[in-house]
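Report on the structure
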Amino acid sequence: GAGVSQSPSNKVTEKGKDVELRCDPISGHTALYWYRQSLGQGLEFLIYFQGNSAPDKSGLPSDRFSAERTGGSVSTLTIQRTQQEDSAVYLCASSAGRGGQPQHFGDGTRLSIL
Amino acid sequence: QQQVKQSPQSLIVQKGGISIINCAYENTAFDYFPWYQQFPGKGPALLIAIRPDVSEKKEGRFTISFNKSAKQFSLHIMDSQPGDSATYFCAASMRSGTALIFGKGTTLSVSS
């Protein structure tokens, strides 16, 4: 079956530009997560969507970061006015529910800010 | 504050040997402890997971040992193979909020 799909796989952009990263979760999974993986910080939680509940945004590093999930499926992570420190791999994961259900990860979007 | 501490940072093991990676956590509200394996250019893949009501879980060559009183858990890879060379992450989460808190990762190299 299809796993978590992320696009683009690589994105290079200039400092100050806005970027949008897309995540297609596994069909039927109600929970969706965004994480960021960088050399110095490891894997960091960014934001979590569960069904129709308000998202948990507690991991977003600044107000330049936002995310939405349309129709309970596809999600888009938007970074406005990108900075060089935003360079990282952005990973999306989905799971069938809350409370420790296995999270299945996509292969990520490698974002490079010039 | 690092809630999940992982060691060692890197590990070299001979083919056929046992690889051991350790993690310690601080928050006693954590109740789900997965291990992920990651190859270069790929996302983390769930390897094995445990809950604190058991002290050990084994799946094939992979075993998690869990010590609730010490707030520690470890991954043992028996008969390590070159194909096991990857980065391993331990993680923890709470029932009420399911974001995973990851350790910093261990890069395992199995020499043939």
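One can find the structure itself at the top, above this paragraph.
None of the values given here were measured: they were computed from a predicted structure. Here the residue numbering is sequential within each chain, running from 1 through the sequence in written order. Lettering for chains starts from A, numbering for ligands starts from 1, and both go in the order in which the items are written. With pLDDT at 70 or above as the cut-off, local features in this predicted model cover only qualifying residues; side-chain atom pairs require 80 or more to be listed or tallied, and sums for whole chains, interfaces and linings still use all residues. Excluding hydrogens and water, the side-chain values take into account all heavy atoms of the structure.

Turning to the layout of surface pockets, a few remarks are in order. Cavities and pockets are defined on a 1 Å grid built over the protein atoms alone: a cavity is a set of grid points where a 1.4 Å probe fits but cannot escape, while a pocket is an open set with protein on both sides within 12 Å along at least five of seven lines, and lining residues are those with an atom within 4 Å of any such point. Grid points are joined across faces, edges and corners, and a volume is the space filled by probe spheres set on the points. Of the pockets and cavities examined, the largest pocket occupies roughly 650 Å³. Lining the largest pocket are 26 residues, and of these Gln37, Ser38 and Leu39 of chain A together with Gln38 and Phe89 of chain B sit closest to its centre. Breaking the lining of the largest pocket down by element, the ones donating at least two residues are β4 (31–38), β8 (88–95) and β10 (109–113) of chain A together with β9 (86–94) and β11 (106–111) of chain B. When residues are grouped by polarity, Ala, Val, Leu, Ile, Met, Phe, Trp, Tyr, Cys and Pro land in nonpolar, Asp, Glu, Lys and Arg in charged, and all others, Gly among them, in polar. Tallied by class, the residues present in the lining of the largest pocket amount to six nonpolar, 16 polar and four charged. For the purposes of this entry, the term helix denotes a DSSP run of H or I that reaches at least four residues, the term strand denotes a run of E that reaches at least two, and both are numbered from the N terminus.

A few words on the pattern of salt bridges. Residues and elements named next belong to chain B. The term salt bridge refers to a pairing of a side-chain nitrogen on Lys or Arg with a carboxyl oxygen on Asp or Glu at a separation within 4 Å. Under the defined criterion, the tally for this structure stands at seven salt bridges over all chains. Between arginine 51 and aspartate 31 there is a salt bridge, with its nearest N and O atoms 3.9 Å apart. Taken together, the residues span a long stretch of sequence, with arginine 51 in the loop between β5 (45–50) and β6 (56–59) and aspartate 31 in strand β4 (residues 30–38) at a distance of 20 residues. For aspartate 31, a relative accessible area of 12% corresponds to the buried category. The buried label goes to any residue with under 20% of its type's maximum accessible area, the exposed label to any with over 50%, and the partly exposed label to all in between, with areas taken from a 1.4 Å probe on protein chains only.

Cysteine pairs can be linked by a disulfide, which is a covalent bond between their two sulfur atoms. Residues and elements named next belong to chain A. Working definition: a disulfide is two cysteine sulfur atoms within 2.5 Å of each other. Per the stated rule, a full pass over the model turns up two disulfides over all chains. Put simply, cysteine 23 and cysteine 92 are joined by a disulfide, and their sulfur atoms are 1.9 Å apart. Of note, the bridge from cysteine 23 to cysteine 92 carries an S-S torsion of about -65 degrees and is left-handed in sense. Here cysteine 23, found in strand β3 (residues 19–24), pairs with cysteine 92, found in strand β8; they are 69 residues apart in sequence, far enough to count as distant.

Further remarks concern the packing of aromatic side chains. In summary, the pairing rule links any two rings of Phe, Tyr or Trp, Trp by its six-membered ring, whose centres are within 6.5 Å, and it sorts them by plane angle into stacked for under 30 degrees, edge-to-face for over 60 and tilted for everything else. Using the criterion set out here, one finds 17 aromatic pairs over all chains in the structure. Ring plane angle 25 degrees and centroid distance 6.3 Å describe the contact between tyrosine 33 of chain A and tyrosine 35 of chain A, whose orientation is recorded as stacked. Side by side, tyrosine 33 of chain A and tyrosine 35 of chain A carry an identical accessibility label, which is buried. By the ring-pair criterion, three or more aromatic residues cluster together here, those being Tyr33, Tyr35, Phe45, Tyr48 and Phe105 of chain A together with Tyr36, Phe89 and Phe102 of chain B.

Counting residues at the interface gives 18 residues for chain A, matched by 18 residues for chain B. At the boundary of chain A and chain B, one finds one salt bridge. When the shortest N-O distance is used, the salt bridge between lysine 42 of chain B and aspartate 107 of chain A registers 3.8 Å. Residues adjacent in sequence count toward polar contacts only when both atoms are side-chain atoms; beyond that, a polar contact is any pair of N or O atoms within 3.5 Å, and within protein one must be able to donate a hydrogen and the other to accept it. The interface formed by chain A and chain B includes four residue pairs in polar contact (both at pLDDT 80 or more). Among the elements of the structure, β4 and β5 (42–50) of chain A are those that each provide at least two residues to the side of chain A that touches chain B. Tallied by class, residues from the side of chain A that touches chain B come to eight nonpolar, eight polar and two charged. The criterion used for residue contact is that any of the two residues' heavy atoms lie within 4.5 Å.

Turning our attention to the sheet that holds strand β7 (residues 62–67) of chain B. Residue and element names in this part refer to chain B. Sheet architecture is open: five strands sit in the order β1-β3-β8-β7-β6, paired in antiparallel fashion. The two strands at the open ends of the sheet, each matched to only one other strand, are β1 (4–7) and β6. Geometrically, the sheet is characterised by an average inter-axis angle of 15 degrees between neighbouring strands, direction not taken into account. In this scheme, strands are said to pair when DSSP sees at least two bridges between them. An axis is simply a line fitted to the C-alpha atoms; with a helix, the fit covers only the stretch in contact. Between two such axes, the angle follows the N-to-C directions and lies from 0 to 180 degrees.

Quick look at the environment of leucine 32 of chain A now. All names here are of chain A. Here leucine 32 shows up in strand β4. Taking C-alpha positions, leucine 32 is 20 Å from serine 62, a pair spaced 30 residues apart along the chain. If we ignore the near neighbours within four places in the chain, the residues touching leucine 32 are Cys23, Pro25, Ile47, Tyr48, Phe49, Arg69, Ser73, Ser75, Cys92, Ala93 and Ser94.

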